[in-house]
Every structure is written in C-alpha cells, then in structure tokens.
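One letter stands for each residue in the lines below.
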Amino acid sequence: MVVKVYGKAQAVCPQRVMHCLVEKGVPFELVHVDIDTMEHKRPEFLQKQPFGQVPYIVDGDLELFESRAIVRYLAAKYEDRGPNLLGRTLEERAKVDQWLDVEAINYNPWAFPIVFNLFVLPIRGLPANKADAGAAVDKLNKVLEVYEKQLSKTKYLAGDEFTLADLTHIPATRYIVENCGLSHLLDDKKHVKTWWEDITGRPAWKKVMSFVETGGSNYSP
C-alpha cells in the first residue's frame, strides 16, 4: 500500500517526511489537511494526532505521528533503498541520533518563532511579535556557530555522509533563508554555507519543492 501523509504541503514537518520518502524512492499520497481553517484541531483529526499537529502517516496498519519519529521509521524500513540515512555502524547511528536531537532541542525552538513571526503570520495578515523573532535570531545564530565548528571537521553534521541529521534541518531553514530575509545567518559562516548549498542541491529535495509548487497529491518515483 502507498504511504499516506496527512498534512499541508507547505508546512515544515510534512516536508521533512516527504523528503525522506523521496530520498528512499517510496511512493506516497499527500492527504491535504487545511491547517489555515484549523482542520488539524477538529475531533476527527485529534483521534489520529492527539496534539493537533501535522503530519501523521498511515502505512498499512501503522498510524504514526511526530515527523522525526516518522523519518526514523521510514529510513529503517527502507534501509536497503536509496541513501543510508541512519548511519552504517552503531557509532554512526549514535551520531545521527545526537544531531537529530540537537535539531529538535537546540535548533527548532529558535527556528520556529522566526518562521512563524516573520513569514507565517504576515502572509495571514496577522500581527507578528518581532521582538520574539529578533531574540530567536540571536539564539539561532549562536547555535549555527556551533554548527560551523562541527562542519569544519566533517562534511555533514554526523559525519561524511548525508543522513537524517542533515535532512531534518532543511524545511525550516529554507523558510528562514528564502522567506525571512535572514540568509546572512548562513552566508557569514563558510562551512555552514557550503553544507547548506550541498544538502539543498540534492535531487530529492528539488523533487519535493517541485511537488509542493505544483500542488501535487501523489508522488511516484
């Protein structure tokens, strides 16, 4: 059966999942959830995702939510297809998990208020909290200084191969760079900029962006 991804194509977390599926060459169906009309807060959606967030997936008998858990599952299930996204040894997997946690705990808490206040609220015609966004920019810049040190030693965050550790950063960072006017956060960090150009130049990510821009609902490799 085709994997069903319930979410909005333009949202960060569904893009994370779609990118993993495309990297692995796995067909999927995107089932649109209108988060602008708060469809994700309705009782029928909450039965599937009790926290009212997108996405969740249905893969046969499995229903699973939380995008980082989903990509771990998909990368493991389809480990023999496409690039190895989990690491090849116990030690490499530990490094991938480490940077996945860094993204969730140290990176995303600052990326989210930036995107929300400088992009999401303005396009909805709603007032933004620019003070919160500014504070988050300062915090994210300090996080990226840590990334700069790491990427001066390894090509990718968890080593010398592209993994989920890198993939998980792409959707939110794209909005920061392209829609929030903050490309300088990466441009003034040599190794971070090189890494960013590399991971966003991947054919799979370009396919995801094409899928989003054309309003696709079914993907087939």
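Residues numbered from 1 in each chain as written. Predicted model: local features only at pLDDT ≥ 70, side-chain atom pairs only at ≥ 80, totals over all residues. Heavy atoms only, no water.

A closer look at the domain arrangement of the protein chain
Partitioning the protein chain into structural domains gives domain 1 (3-84 + 205-214) and domain 2 (90-202). When each unit is reduced to the centre of its C-alpha atoms, the spacing between domain 1 and domain 2 is 20 Å. Contact residues are listed per partner, giving 19 residues for domain 1 and 22 residues for domain 2. Carbon and sulfur atoms make up 54% of the surface buried where domain 1 meets domain 2, a total of about 1,800 Å² over both sides. When the buried area of domain 1 at its contact with domain 2 is split by residue, Arg68, Arg72 and Trp205 rank highest and sum to 33% of it. Across the salt bridge formed by arginine 72 and aspartate 101, the nearest N and O atoms sit 3.6 Å from each other. Elements that contribute at least two residues to the side of domain 1 that touches domain 2 include exactly α1 (12-23), α3 (67-77) and α10 (203-213). Counted by class, the side of domain 1 that touches domain 2 contains eight nonpolar, four polar and seven charged residues. (Domains from an automatic or database assignment. Contact = heavy atoms within 4.5 Å. Buried area = accessible area lost by both parts, 1.4 Å probe. Salt bridge = Lys/Arg side-chain N within 4 Å of Asp/Glu carboxyl O. Helix = DSSP H or I, 4+ residues; strand = E, 2+ residues; numbered from the N terminus. Nonpolar A, V, L, I, M, F, W, Y, C, P; charged D, E, K, R; others polar.)

Some thoughts on helix α7 (residues 170-178)
In terms of burial, α7 is a largely internal element, eight of the nine residues being buried. Of all the positions in α7, only Ile170, Pro171, Ala172, Thr173, Arg174, Tyr175, Ile176 and Val177 are classed as buried. (Buried < 20%, exposed > 50% of the residue type's maximum accessible area, 1.4 Å probe, protein only.)

Re the environment of leucine 185
Within the secondary structure, leucine 185 is located in helix α8 (residues 184-187). Sequence separation between leucine 185 and lysine 153 is 32 residues, and the spatial gap between their C-alpha atoms is 20 Å. Those residues within four positions of leucine 185 in sequence are excluded, and the remaining contacts are Val137, Leu140, Asn141, Leu144 and Ile176.

Notes on the pattern of salt bridges
All chains considered together, the criterion is met by 14 salt bridges. A salt bridge links aspartate 97 to arginine 72; the shortest N-O distance between them is 3.4 Å. You can see aspartate 97 sitting in helix α4 (residues 90-123) and its partner arginine 72 sitting in helix α3, a full 25 residues away along the chain. Its relative accessible area of 35% is what places aspartate 97 among the partly exposed residues. On the basis of relative accessible area, arginine 72 is assigned to the partly exposed category, the value being 27%. For the salt bridge of glutamate 178 with arginine 174, the shortest nitrogen-to-oxygen distance reads 3.3 Å. Highlighted residues: glutamate 178 and arginine 174, both in helix α7, separated by four residues, approximately one helical turn. Its relative accessible area of 54% is what places glutamate 178 among the exposed residues. Judged by relative accessible area, which is 12%, arginine 174 ranks as buried. Through salt bridges with shared partners, one network takes in Lys8, Asp36 and Arg124.

Structural notes on the packing of aromatic side chains
Applying the stated criterion across every chain yields a total of eleven aromatic pairs. Look at phenylalanine 112 and phenylalanine 116: their rings are 5.5 Å apart centre to centre, the planes differ by 15°, and that puts the pair in the stacked class. On the criterion of helical spacing, the pair formed by phenylalanine 112 and phenylalanine 116 is a turn pair, its members being four residues apart in helix α4. Through a chain of ring-to-ring contacts, the aromatic side chains of Trp99, Tyr107, Tyr147 and Trp195 assemble into a single cluster. Over the face of the ring belonging to tyrosine 175 we find arginine 174, whose NZ or CZ atom lies 4.5 Å from the ring centre. The ring of phenylalanine 162 is capped by arginine 202, whose NZ or CZ atom sits 3.9 Å from the centre of that ring. (Phe/Tyr/Trp six-rings, centres within 6.5 Å; stacked < 30°, edge-to-face > 60°. Lys NZ or Arg CZ within 6 Å of the ring centre and 35° of its normal.)

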